[in-house]
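Next come the chains, spelled out residue by residue.
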Amino acid sequence: MKKLFALSMAVLLLSGCASEDGDGSSDGSADSIEFQVSGDPEEIVVYRSLVGDFEKSHEDIDVKLIDVADKDDHLAKLSTAFTGGNPPDVFLVNFREYSQFVVRDALEPVEPHLESMNIDTADYYEPPLEAFTFAGELQCMPQNISSLVVYYNKSLFKKAGVAAPPDEWSWEDFRSTAVELTSGDVRGVGIEPSIIRLAPFVWTNGGEIVDDPDAPTRFTFDDPAAREALEFIVGLVRDDQAVPTEQEVTAAEDLETMFATGNLGMLLSSRRDTPEFREITSLKWDVAPLPQESVPAGILHSDAYCVAAGSDNQEAALEFISYATGEKGQTITALGGRTVPSRMSVAQSGAFLNPAESPSRSQVFLDAIPNIRRTPVIPTWPEIEDVAEEILTRAFYEDGYTIDDAINDLEEQTSSLFEEGSSAAE
Amino acid sequence: MTRKRVVRTAGIVAVFLLFVLPAALMILGSLRDPTLIPERGMDLVPEYLTFDNYRNLSAFVPIWTFMRNSLVVVALAVPVTVLVASWAGFAIARATPRVRRALIGVSLAALMVPIMLVWVPRFVLFKWLGLLDSPWPLIAPALMATSPFYVLLFALVYSRIPRSLYEAAEIDGMSPLTIWRKVAFPLARPAAFAVAVLAFVWHWSNFFDPLIYLSTTERFTLPLGLKGLSTLEPRLYPLLLAGAVVATAPALLAFLVSQRAFFRRTLEV
């Protein structure tokens with residue numbers, strides 16, 4: 001026992017010196033801010049260089065990067081820190097998740113500070129600004145505007161003798177391409193059974209996913225246009241068998257891996273997969289726009305920098321956000337490959353559109369912006385998405401589970417969440 | 001006789017394989033070259049073995065720093081847990097029947113409190129004490145024996161020691177602390193070993209506490225590092241498995257070393 005204690009004291013002393021040093025830098029100066037972000041280790045590297053570059057030009061401000069591995073942990077840590085009264089000064093969050101913080105009065109809106117931050121919103125694309133506007137005020141400053149595109153494997157297209165997806169194509173073109181690509185181990189297209197994949201198909205068909213996008217009270221998949229979109233997607237899975245089965249997806253870990261290993265001709269995804277596919281030199285790929293029907297439509301994916309209400313270093317926090325969403329900051333994140341810059345000048349620059357790097361058709365992301373739409377912003381939306389994903393998974397794969405079952409379940413199982421969400425937003 | 005022996009050996013081998021197989025897969029997987037396109041389906045023995053993953057690990061997460069932080073936590077938390085659980089268990093075992101029942105009731109009640117309920121109060125407490133973003137919130141549960149279960153385990157073991165032994169020690173004029181040190185604890189060595197192993201595993205694999213209390217990457221513990229590696233794309237899983245091997249090795253080593261010492265001293269084999 002005595003020996004064990006001696007040993008433990010020795011270990012503590014050895015490591016003690018190192019951690020003591022760390023304390024001084026983060027607590028000492030008045031202008032020290034914490035910035036919490038979630039992402040895999042490669043993504044964190046991009047934010048680390050962003051922070052490093054900021055500190056170089058702002059010697060009086062010390063930014064501590066808090067990196068959390070995945071999004072759920074990120075939100076759990078944020079919730080605990082907010083409840084416990086010690087939130088990070090700045091954090092990055094998706095527009096589908098930020099409203100739960102607004103309704104708890106946890107955010108300092110950025111709108112009143114735009115002038116002092118030297119930000120002119122006219123320099124930024126409109127959809128993310130609109131998405132992060134809640135209760136009449138811009139709450140957080142968007143860093144990116146990604147949208148859903150069709151990633152495609154050029155080698156598989158060549159092998160199947162199918163022409164590359166054009167800049168405009170219909171559902172029928174999309175479907176026949178997916179069917180032609182499907183043979184042997186290769187499936188035509190990977191689609192996740194989720195609302196954010198399904199929604200743009202509903203919109204382009206002239207339908208709506210909810211009754212009122214600003215104050216939704218229920219899903220509206222019983223509406224003929226929405227139903228047709230659901231039938232089209234489920235038809236690709238069940239009738240054409242052009243979408244990987246549940247077993248195939250599980251065996252490959254995920255759709256991205258199936259695409260990366262050349263078992264998937266096309267994949268519906270946002271910009272986030274680009275860095276992963278770039279790393280695989282043997283993979284020849286590009287992106288194409290979503291197929292469109294009567295109304296051109298895309299779906300917004302966007303994250304923004306938010307300031308915690310009651311931050312001790314609000315000024316420094318705003319300064320950091322101003323830099324991160326500015327010309328230089330967005331250039332750094334754009335070079336990381338994962339983001340479509342929300343600042344127009346950076347989005348149209350070589351940092352994003354570099355033709356030497358895949359995808360050579362990056363312009364597709366920008367062309368989608370005028371028609372981009374978004375899912376409703378209500379505090380319970382993340383839970384609604386979870387429930388919908390279970391139902392859509394059954395609609396994709398479960399024998400005997402019909403479109404009618406899915407439409408009924410979508411409405412029934414989410415109605416209380418819609419109610420809870422709209423009453424919290426008031 | 002020999003037939004019985006064969007069956008016994010076969011049984012041991014079967015159980016051994018059952019437990020060793022996942023570990024073997026983990027080690028083999030950690031030696032796969034992540035730049036090669038993975039095979040479809042199961043490919044147990046990779047064609048090319050490489051130790052590069054272990055070398056490259058620290059480029060993704062500072063795994064050795066995390067290892068040191070985890071070691072600090074267990075080096076303090078495990079002995080303190082054993083000591084506190086053993087004292088508390090001793091107090092319960094030696095209390096009057098009425099007090100003992102009450103204490104056992106309190107321990108059981110504490111055991112049933114869902115862990116989520118204490119996260120925020122603890123967060124507030126540690127913030128007030130100025131201990132956020134330090135290893136202390138991770139070690140602090142040891143001051144409460146980490147889990148009431150360990151206290152109850154000791155209480156059970158101590159109450160099975162013949163009463164006459166305690167009475168003889170009292171007649172000798174020993175203080176309760178001396179009785180614990182000279183009589184009770186030496187007889188409870190197997191329980192102490194069990195609690196030490198359980199507490200080690202608990203602290204070593206603790207994920208949520210470091211997630212919410214720590215914010216400086218240099219102070220993170222191994223489970224946070226593994227979670228980080230697990231978010232890499234599946235193609236890079238060999239790196240995650242290399243991380244898993246690195247995280248498992250000290251636990252395994254500590255167990256093997258202490259197990260030998262334990263068996264030699266207590267069972268004299």
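Turning our attention to the packing of helix 7 (residues 148–159) of chain B against helix 10 (residues 189–204) of chain B. Residue and element names in this part refer to chain B. Their axes nearest at 10 Å, the elements helix 7 and helix 10 cross at an angle of 175°. With respect to helix 10, the axis of helix 7 lies roughly antiparallel. In this structure, helix 7 contributes Phe 149, Tyr 150, Leu 153, Phe 154 and Val 157 to the contact, and helix 10 contributes Ala 191, Ala 192, Val 195, Leu 198, Ala 199 and Trp 202.

Below, the discussion takes up the environment of Ser79(A). All names here are of chain A. Note that Ser 79 resides in helix 3 (residues 71–83). Of the residues examined, Ser 79 reaches a relative accessible area of 22% and is grouped as partly exposed. Measuring from C-alpha to C-alpha, the distance between Ser 79 and Ala 106 comes to 9.9 Å, with 27 residues separating the pair along the chain.

Once that is clear, we can look at the packing of aromatic side chains. Centre-to-centre distance and the angle between the planes together describe a pair of aromatic rings. Residues and elements named next belong to chain A. Evaluated as defined, the whole model comprises 42 aromatic pairs over all chains. Centre to centre, the rings of Phe 82 and Phe 91 are 5.7 Å apart; their planes meet at 75°, and the pair counts as edge-to-face. For Phe 82, a relative accessible area of 15% corresponds to the buried category. Accessibility expressed as a relative area gives 0% for Phe 91, which makes it buried. Joined through ring pairs, the aromatic side chains of Phe 35, Tyr 47, Phe 54, Tyr 305, Phe 320 and Tyr 323 make up one cluster.

With that settled, the discussion passes to the nonpolar core. Residue and element names in this part refer to chain A. Ranked by internal contacts, the top residues of the largest apolar core, which has 76 residues, are Phe 35, Tyr 98, Phe 101, Tyr 151, Tyr 305 and Phe 320. Broken down by element, the residue count for this core peaks at 7 residues, all from helix 13 (residues 314–324). Excluding residues within four positions of it along the chain, Tyr 98 makes contact with Val 93, Leu 107, Ala 131, Phe 132, Thr 133, Phe 134, Gln 139, Cys 140 and Val 377. Residues Leu 148, Ile 384, Tyr 401 and Leu 417 belong to the second largest nonpolar core, which totals 55 residues.

In this structure the tally under the stated criterion is 27 salt bridges over all chains. Measuring nitrogen to oxygen at the nearest pair gives 3.8 Å for the salt bridge that ties Asp123(A) to Arg343(A). A residue pair is termed long-range when its members are at least 10 positions apart, and Asp123(A) in the loop between strand 4 (107–108) and helix 5 (126–131) and Arg343(A) in the loop between helix 14 (327–335) and helix 15 (344–347) qualify at 220 residues. Salt bridges sharing common partners tie together Glu34(A), Lys64(A), Asp133(B) and Arg219(B).

Summing up the model confidence of chain A, the mean pLDDT is 90 and the portion of residues at 70 or higher is 92%. Per-residue pLDDT stays below 50 along residues 1–29 of chain A; that stretch engages in 26 contacts with residues further than four places along the chain or on separate chains.

Okay, the sheet that holds strand 10 (residues 187–190) of chain A next. Residue and element names in this part refer to chain A. Spatial strand order, 10-11-9-12: 4 strands in an open sheet with mixed pairing. With partners counted over all chains shown, the strands left at the sheet margins are strand 10 and strand 12 (285–288), one partner each. Pairs of neighbouring strands in the sheet enclose a mean axial angle of 20°, with direction left out of account. Across 4 bridges, strand 9 (residues 149–153) lies against strand 11 (residues 264–269) in antiparallel orientation. The residue of strand 11 that forms the bridge with Tyr 151 is Leu 267.

Glancing now at the pairing of strand 11 of chain A. All names here are of chain A. Burial runs high along strand 11: 6 of the 6 residues are buried. As defined by bridge partners, strand 10 adjoins strand 11 across 3 bridges and the pair is classed as parallel. Bridging across to strand 11, Gly 190 finds its partner in Leu 267.

For the rest of this paragraph, the subject is a negative patch on the surface. Residue and element names in this part refer to chain A. A cluster of acidic side chains, namely Asp 72, Glu 383, Asp 386, Glu 389, Glu 390, Glu 419 and Glu 420, defines a negative patch on the protein surface. At the level of secondary structure, the elements contributing two or more residues to the negative patch comprise helix 18 (381–397) and helix 19 (403–425). In terms of residues, the negative patch owes the most to one element, helix 18, which gives 4 residues. As for its placement among the helices and strands, Glu 390 is situated in helix 18.

Our next topic: the interface of chain B and chain A. Listed per partner, the contact involves 42 residues of chain B and 44 residues of chain A. Buried area between chain B and chain A, both sides added, is near 3,500 Å², and the carbon and sulfur share of it is 65%. Taken together, the links from chain B to chain A amount to 3 salt bridges. For Asp70(A), the salt bridge is made with Lys227(B), and the minimal N-O distance between the two is 3.2 Å. One can count 11 residue pairs in polar contact (both at pLDDT 80 or more) joining chain B with chain A. For the side of chain B that touches chain A, the secondary-structure elements that each account for two or more residues are helix 3 (63–94), helix 5 (116–128), helix 11 (208–213) and helix 12 (222–230) of chain B. Counting residues per element, the side of chain B that touches chain A draws most heavily on helix 3 of chain B, at 8 residues. Of the residues belonging to the side of chain B that touches chain A, the class tally is 29 nonpolar, 5 polar and 8 charged.

Residues and elements named next belong to chain A. Under the definition given, this model contains 1 disulfide over all chains. Between the sulfur of Cys 140 and that of Cys 306 lies a disulfide, 2.1 Å long from S to S. One quick way to see it: the torsion about the S-S bond of Cys 140 and Cys 306 is about 100°, and its sign makes the bridge right-handed. Pair noted here: Cys 140 is in the loop between strand 6 (137–138) and strand 7 (141–142) and Cys 306 is in strand 14 (residues 303–308), with a separation of 166 residues, a long-range link. Taking the relative accessible area as the measure of exposure, Cys 306 reaches 0% and is therefore buried.

What follows covers the environment of Leu240(B). Residue and element names in this part refer to chain B. Position of Leu 240 among the secondary structure elements: in helix 13 (residues 237–267). Relative accessible area serves as the criterion here: at 17%, Leu 240 is assigned to the buried category. Note: C-alpha distance between Leu 240 and Gly 225 (15 residues apart in sequence) is 9.3 Å. Among residues more than four places away in sequence, those in contact with Leu 240 are Leu 226, Leu 229 and Ser 230.

Reading guide: rules and limits
- All chains use their own residue numbering, which begins from 1 and follows the written sequence.
- A letter from A marks each chain and a number from 1 marks each ligand, given out in the order of writing.
- Local features are withheld for residues below a pLDDT of 70 in this predicted model, meaning they are given only at 70 or higher, and side-chain atom pairs are given and counted only at 80 or more; totals for whole chains, interfaces and linings count all residues.
- Note that the side-chain values use all heavy atoms of the structure and ignore hydrogens as well as water.
- Axes here mean lines fitted to C-alpha atoms, for a helix over just the part in contact, with angles spanning 0 to 180 degrees between N-to-C directions.
- In this text, helices come from DSSP runs of H or I with a minimum length of four residues, and strands from runs of E with a minimum of two, each type numbered from the N-terminal end.
- We call two directions roughly parallel when the angle between them is under 35 degrees, roughly antiparallel when it is over 145, roughly perpendicular when it lies between 65 and 115, and oblique otherwise.
- Here, residues are in contact when the closest pair of their heavy atoms is within 4.5 Å.
- Categorising residues by exposure relies on relative accessible area from a 1.4 Å probe, with only protein chains included: less than 20% of the type maximum marks a residue as buried, more than 50% marks it as exposed, and the intermediate range marks it as partly exposed.
- Each Phe, Tyr or Trp ring (for Trp, its six-membered ring) is paired with any other whose centre lies within 6.5 Å, and the angle between the two planes then decides the class: stacked below 30 degrees, edge-to-face above 60, tilted in between.
- To form a nonpolar core, buried Ala, Val, Leu, Ile, Met, Phe, Trp, Tyr and Cys residues must be joined to one another through side-chain atoms within 4.5 Å.
- Just to be clear on terms, a salt bridge is a Lys or Arg side-chain nitrogen sitting within 4 Å of an Asp or Glu carboxyl oxygen.
- The predictor attaches a confidence to each residue, and that confidence, scored 0 to 100, is pLDDT.
- Strand pairing is assigned whenever DSSP identifies at least 2 bridges connecting the two strands.
- Patches draw on residues past 30% relative accessible area with no salt bridge. Two like charges within 9 Å are joined, as are two nonpolar side chains (Val, Leu, Ile, Met, Phe, Trp, Tyr) within 5 Å.
- Per-residue accessibility takes into account occlusion by the displayed protein chains alone, with areas from the Shrake-Rupley method and a 1.4 Å probe.
- Only four residue types enter the tally: Lys and Arg on the positive side, Asp and Glu on the negative side; His and the chain ends are excluded.
- A charge is said to be at NZ when it belongs to Lys, at CZ for Arg, at CG for Asp and at CD for Glu.
- A 1.4 Å probe defines the accessible area here, and the buried area is the portion of it lost by two parts on being joined, summed over both.
- The term polar contact refers here to a pair of N or O atoms within 3.5 Å; inside protein, the definition further demands a hydrogen-donor-capable atom paired with an acceptor-capable atom, and it admits residues adjacent in sequence only when both atoms are side-chain atoms.
- Put simply, Ala, Val, Leu, Ile, Met, Phe, Trp, Tyr, Cys and Pro go in the nonpolar bin, Asp, Glu, Lys and Arg in the charged bin, and everything else, Gly too, in the polar bin.
- Disulfide: a pair of cysteine sulfur atoms within 2.5 Å of each other.

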